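Structural overview
As a plain string of letters, each chain reads:
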Amino acid sequence: MGHFLGLYHTFEGGCTNNDCAIDGDGICDTPPDNSTAWISCGNTQNSCTTDANSGFATDQNDLLADYMDMVTGIV
């Protein structure tokens, strides 16, 4: 569904975050994500440290519950 709407995976483009409207998934309210690893519920991961370039006050954990973060679409 996300691809049909023109969305990219959150991990596309890695940690590059010079212009959040172009880099990564192209959505500025999604922190950069450089991991395609499946992380079990209750655990956190932070694969990038460039989150502040998107306007976040602090470095953010990867959005594991984001629909476009899923590689296979299976949770």
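Refer to the structure above for everything that follows.
Presented here is a report on the structure given in the accompanying data block. Per chain, the residues get numbers from 1 upward, laid out in the order the sequence is written. This being a predicted model, a pLDDT of at least 70 is required before a residue's local features are given, and a value of 80 or more before pairs of side-chain atoms are given or counted; all residues contribute to the totals for chains, interfaces and linings. Computation of side-chain values: all heavy atoms of the structure, hydrogens and water removed.

1. Some words on the state of the cysteines
Formally, a disulfide is one covalent bond, and it connects the sulfur atom of one cysteine to the sulfur atom of another. Under the convention used in this document: Disulfide: a pair of cysteine sulfur atoms within 2.5 Å of each other. Exposure is judged per residue with a 1.4 Å probe applied to protein chains only, and the accessible area is read against the type maximum: over 50% gives exposed, under 20% gives buried, and values in between give partly exposed.
The final tally for this structure, using the stated rule, is two disulfides. Two residues share a disulfide in this structure: C15 and C48, whose sulfurs sit 2.0 Å from each other. Residues C15 and C48 are joined by a disulfide whose S-S torsion is about -85°; by sign, that bridge is left-handed. C48 gets classed as buried once you look at its relative accessible area, which sits at 1%. Between the sulfur of C20 and that of C28 lies a disulfide, 2.0 Å long from S to S. Handedness of the C20-C28 disulfide follows from its S-S torsion of about 90°: it is right-handed. Judged by relative accessible area, which is 12%, C20 ranks as buried. Here C28 falls in the partly exposed class, since its relative accessible area comes to 31%. Taken N- to C-terminal, the disulfide-bonded cysteines of the chain are connected 1-4, 2-3.

What is shown is where atoms sit, not what they do.
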